[in-house]
Amino acid sequence: MKVAVQLHPADASPADVEYTWDPDTDILSAQLSPRTSSAGDGLSGSVGLEGNDGSWVILDVAAGRIAAVEVAVWPDVRQLASLSLPTQIEDVQVVLPVSKTKADVASLEVDTHLFAEADAGQRNFHFRLGAPRGARTVRVARDLLFDVDDKNRISGLWLLNVPPCPPTQSVEP
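A short tour of the structure in this document, coming up.

About the thresholds
- Within every chain, residues take consecutive numbers counted from 1 along the sequence as written.
- Local features in a predicted model are, by the rule used here, given only for residues with pLDDT of at least 70; side-chain atom pairs are given and counted only at 80 or more, and totals for whole chains, interfaces and linings are based on all residues.
- Hydrogens and waters are ignored; side-chain quantities use all the structure's heavy atoms.
- A run of DSSP states H or I qualifies as a helix once it reaches four residues; a run of E qualifies as a strand once it reaches two. Both are numbered from the N-terminal end.
- Computed by Shrake-Rupley with a 1.4 Å probe, the accessible areas treat only the displayed protein chains as cover when residues are assessed.
- Burial status follows relative accessibility: with a 1.4 Å probe on protein chains alone, a residue under 20% of its type maximum counts as buried, one over 50% as exposed, and anything between as partly exposed.
- Two strands form a pair only when DSSP identifies at least two bridges running between them.
- Stacked, tilted and edge-to-face are the three classes applied to pairs of Phe, Tyr and Trp rings, where Trp contributes its six-membered ring and a pair requires centres within 6.5 Å; stacked means planes under 30 degrees apart, edge-to-face means over 60, and tilted covers the rest.
- Inter-axis angles, ranging from 0 to 180 degrees, are taken between N-to-C directions of lines fitted to C-alpha atoms, where helices are fitted over the stretch in contact.
- Think of a salt bridge as a Lys or Arg side-chain nitrogen and an Asp or Glu carboxyl oxygen that are within 4 Å of each other.

Attention now moves to the overall build of the chain. Secondary structure summary: the chain contains zero helices and 14 strands in total. Along its sequence from the N terminus, the chain presents helices and strands in the succession β-β-β-β-β-β-β-β-β-β-β-β-β-β. On the chain, roughly 9,300 Å² of surface is accessible, and the fraction owed to carbon and sulfur atoms is 49%.

With respect to burial, strand S11 (residues 125-129) is a largely interior element, four of its five residues being buried. Judged from the five bridges that link them, strand S10 (residues 114-118) and S11 form a sheet pairing that is antiparallel. By the bridge assignment, Glu 117 is partnered in S11 with His 126. A loop of six residues connects S10 with S11, the two strands running antiparallel in sequence, and Gln 122 in this loop sits at a positive phi of about 50°. Alignment of S11 against strand S14 (residues 154-159), held across four bridges, turns out to be antiparallel. Across the sheet, residue Phe 125 finds its bridge partner in S14, namely Leu 159.

How two aromatic rings sit relative to each other is set out by the distance from centre to centre and by the angle between their planes. If you walk through the whole model with that rule in mind, you get four aromatic pairs. Here the aromatic rings of Trp 21 and Trp 74 are separated by 5.8 Å at their centres, their planes lie at 15°, and the arrangement is stacked. One end of the pair, Trp 21, is in strand S2 (residues 16-22); the other, Trp 74, is in the loop between strand S6 (65-73) and strand S7 (77-79), and 53 residues separate them in sequence. Residue Trp 21 is classed as buried on the basis of its relative accessible area, which comes to 17%. Ring geometry for Trp 74 and Phe 127: centres 6.0 Å apart, planes at 45°, overall tilted. Of this pair, Trp 74 sits in the loop between S6 and S7 while Phe 127 is found in strand S11, placing the two residues 53 residues apart along the sequence. Here the aromatic cluster, defined as three or more aromatic residues joined through ring pairs, consists of Trp 21, Trp 74, Phe 125 and Phe 127.

Here we take up the sheet that holds S14. One open sheet holds the eight strands; their spatial order is S1-S8-S12-S13-S14-S11-S10-S7, and the pairing between them is mixed. Each of the sheet's edge strands pairs with one partner strand only, and the pair in question is strand S1 (6-9) and S7. Averaged over all pairs of adjacent strands, the angle between strand axes in this sheet comes to 35°, irrespective of strand direction. Looking at chain direction, strand S12 (residues 136-141) and strand S13 (residues 144-148) are connected through five bridges and run antiparallel. Bridge assignment links Arg 136 to a residue of S13, and that residue is Val 148.

All right, on to the pattern of salt bridges then. Summed over all chains, the structure comprises six salt bridges. For Arg 142, the salt bridge is made with Asp 16, and the minimal N-O distance between the two is 2.8 Å. With Arg 142 in the loop between S12 and S13 and Asp 16 in strand S2, the pair connects residues that are 126 residues apart, well separated along the chain. By relative accessible area, which is 40% here, Arg 142 ends up partly exposed. Residue Asp 16 is classed as partly exposed on the basis of its relative accessible area, which comes to 39%. Between Arg 78 and Glu 117 there is a salt bridge whose closest N-O contact spans 3.1 Å. Pair noted here: Arg 78 is in strand S7 and Glu 117 is in strand S10, with a separation of 39 residues, a long-range link. Its relative accessible area of 44% is what places Arg 78 among the partly exposed residues.

What follows is the structure, encoded as C-alpha cells:
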C-alpha cells in the first residue's frame, strides 16, 4: 500500500516546525505551527510508515493536513559527509484524502522499506520510502519536505535543521 496525496496551490506561508527530542527514548517530534485546522476534508488520525527492520515514522494528520511527524523507532541512519538537499522545491498544500472504502479509519499503517540518511552533523535527515524512484520535492512546512512520485504518492520526507539529540542523562544510585 502506498500513501497517496493531493497537491494544491499553497494558500499561506509555510508553517514553522518545532523539533523536540524525548531524552529517554530518542523519539524526535516535529510539530507544525500554527496547528492545522480541524475543518476540511481529508484523513484525520495517524499514518504509520513501518520499515521492514521495525523502524517507524508516524505522520499526525488533521483534516488531511500534516500536523506533526514523529520518528519513533529509528532505522539505521547512513551518515554522509554531505547530504545533497533538494534544490527545486515546490510550495504546495499537501492533503491526505479520505479513502472512500476506509472513511472511518483513524489510523493507517503502511509497510515499506524505510531508508534514512543524514549529513555529518545529523542536522538534516532524508527518509526514503520504498524503492528509489523519480520524485519532485514539495514543502509541507518550513523545515519539512516530502518527495512525491509521478502518481502523487509519498516516496520520501526531509527533516531539515534538526537540533542535536540531547545526551542521555544517567541517574546515579
